[in-house]
Amino acid sequence: MRPPRILTFAGSIRTGSYSASLAALAAKELALLECEPVLISLADYPMPIYDGDHEAAEGPPEAARLLREQLLSADGVFIATPEYNAAVPPLLKNAIDWTSRVKGEGDPFRKPVFCIGSTSPGALGGYRASMMLRQVLALGLGALVLAEQAMVAGASQAFAENGDLKDERAQERLRGTLRALIEQAALRAGLRV
Ligand SMILES: Cc1cc2nc3c(=O)[nH]c(=O)nc-3n(C[C@H](O)[C@H](O)[C@H](O)COP(=O)(O)O)c2cc1C
């Protein structure tokens, strides 16, 4: 039986991004578990800001089609979001919005199991953005979003040079969350009996 495919990406493409660090750490941890991790960057999926006129004239951008394919080929998805003004950043929301507009076979938001990570240099660890992302995915798009999630507060000091979290208990909590994602993704995909 094949291992579950787990897609991971961040809601920031900034150089030195903390959420990109969390996505990379998740992919590194996933590689040690029984799954096939796939780490992508939204930098490779550039999309204009959603505009209904653009959509009517040209349809969704090619990057949205490609991101849809990535989601559809995944059994689980880990998204690490930053927090902008208590919300999900426009880069991530825009990518989700465009991807939701691509028509085709299968539903990229209902097929895989989603798991949320969030980061912030502040004390709340992007908690408010994580709640908004949960709303968008679950209420907006009908996704199954795991109750377990990973939050990294004080992000500017949280990562060691090798990319791990300095706080071992936080790293162990991340591992537990990723194990839950693999388990639920495998169950949903019929890869576990
Ligand atoms: C427009 C804007 C709004 C922000 N609002 C918040 C916020 O509401 N809460 C928070 O914890 N950090 C906020 N920040 C700080 C971000 O958490 C910080 O810039 C972080 O490094 C962005 O994520 P990244 O490192 O993955 O790029 C904001 C940053 C920007 C640019």
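Basis of the calculations
Residues numbered from 1 in each chain as written. Predicted model: local features only at pLDDT ≥ 70, side-chain atom pairs only at ≥ 80, totals over all residues. Heavy atoms only, no water. Buried < 20%, exposed > 50% of the residue type's maximum accessible area, 1.4 Å probe, protein only. Helix = DSSP H or I, 4+ residues; strand = E, 2+ residues; numbered from the N terminus. Contact = heavy atoms within 4.5 Å. Disulfide = S-S within 2.5 Å. Core = buried A, V, L, I, M, F, W, Y, C linked by side-chain atoms within 4.5 Å. Near = heavy atom within 4 Å. Polar contact = N/O pair within 3.5 Å; in protein donor to acceptor, adjacent residues only side chain to side chain. Areas by Shrake-Rupley, 256 points an atom, 1.4 Å probe, with all protein chains shown as cover. Nonpolar A, V, L, I, M, F, W, Y, C, P; charged D, E, K, R; others polar. UniProt positions renumbered as here; feature names shortened; annotations may be inferred. Axes fitted to C-alpha atoms, helices over the stretch in contact; angles between N-to-C directions. Parallel < 35°, antiparallel > 145°, perpendicular 65-115°, else oblique. Left-handed = near helix turned anticlockwise from the far one by under 90°. Pairing = 2+ DSSP bridges.

Points about helix α4 (residues 90-100)
Along α4, the residues classified as buried are L92, N94, A95, I96, W98 and T99. Taken together, the buried residues of α4 touch β1 (5-10), α2 (52-58), α3 (62-72), β3 (76-81) and α5 (127-141).

A closer look at the state of the cysteines
Within this structure, the stated rule accounts for zero disulfides. Sulfur of C35: no disulfide; nearest cysteine sulfur belongs to C115 and is 12 Å away.

Structural notes on unusual backbone geometry
Of all residues except glycine, most have a negative phi; of all peptide bonds, most are trans. Even without being a glycine, N85 presents a positive backbone phi close to 45 degrees. Mapped onto the secondary structure, N85 falls in the loop between β3 and α4. Residue class for N85 comes out exposed when judged on its relative accessible area of 80%.

Quick word on the nonpolar core
Counting residues in hydrophobic clusters, the biggest one holds 29 residues, and the most contacted among them are F9, F114 and L137. Elements represented by at least two residues in this core include exactly β1, α3, β3, α4, β4 (113-119) and α5. When neighbours within four sequence positions are excluded, L137 is seen to be in contact with I79, I96, F109, F114, I116, G142, A143 and V145.

Here we look at the site of the ligand
The immediate surroundings of the ligand are formed by 13 residues, with R14, S17, S19, N85 and S120 found nearest. Measuring from an oxygen atom of the ligand, one finds a side-chain N or O atom of S17 at 2.7 Å. At 3.5 Å from an oxygen atom of the ligand is found a side-chain nitrogen or oxygen belonging to R128. Starting from 610 Å² of accessible surface for the ligand in isolation, the protein chains cover 69%. Taken together, the residues of the shell around the ligand break down into five nonpolar, five polar and three charged.

Points about the UniProt feature "domain: NADPH-dependent FMN reductase-like" (unreviewed entry) in the protein
Per the UniProt annotation, the sites labelled "domain: NADPH-dependent FMN reductase-like" (unreviewed entry) are residues 4-155. The distance from the first to the last C-alpha atom of residues 4-155 is 29 Å, and the span holds 39% helix and 21% strand.

A few points about α3
Turning to α3, its buried residues are A63, A64, L67, R68, Q70, L71 and L72. Packing partners of the buried residues in α3 comprise β1, β2 (36-39), β3, α4 and β4.

Thoughts on the packing of helix α1 (residues 18-31) against helix α7 (residues 168-188)
At a minimum axis distance of 10 Å, the contact between α1 and α7 shows a crossing angle of 65 degrees. Relative to α7, the element α1 is oriented roughly perpendicular. Read as a crossing pair, α1 and α7 show a hand that is right-handed. Between α1, through L22, L25, A26, E29 and L30, and α7, the contact on the second element is made entirely by Q171, L174, R175, L178 and I182. Looking at side-chain class alone, the contact of α1 with α7 contains seven nonpolar, one polar and two charged residues.

Focus on the packing of α4 against α5
Where α4 contacts α5, the two axes come as close as 11 Å, and the packing angle between them is 10 degrees. If you check the angle between α4 and α5, you find them roughly parallel. Across the interface between the two elements, L92, K93, I96 and S100 of α4 pack against L133, V136, L137 and L141 of α5. Partitioned by chemical class, the residues of the contact of α4 with α5 number six nonpolar, one polar and one charged.

Describing the sheet that holds strand β5 (residues 144-152)
Spatial ordering of the open sheet is given by β2-β1-β3-β4-β5, a layout of five strands whose pairing is parallel. The outermost strands of the open sheet, each flanked by one partner alone, are β2 and β5. Here the strands of the sheet are splayed against their neighbours by 20 degrees on average, with no regard to which way each runs. Relative to β4, β3 runs parallel, the two being bridged by six bridges. Along β4, the bridge assignment pairs G76 with V113. Of the strands in this sheet, β1, β2, β3, β4 and β5 are in contact with α1, which crosses β1 at around 165 degrees.

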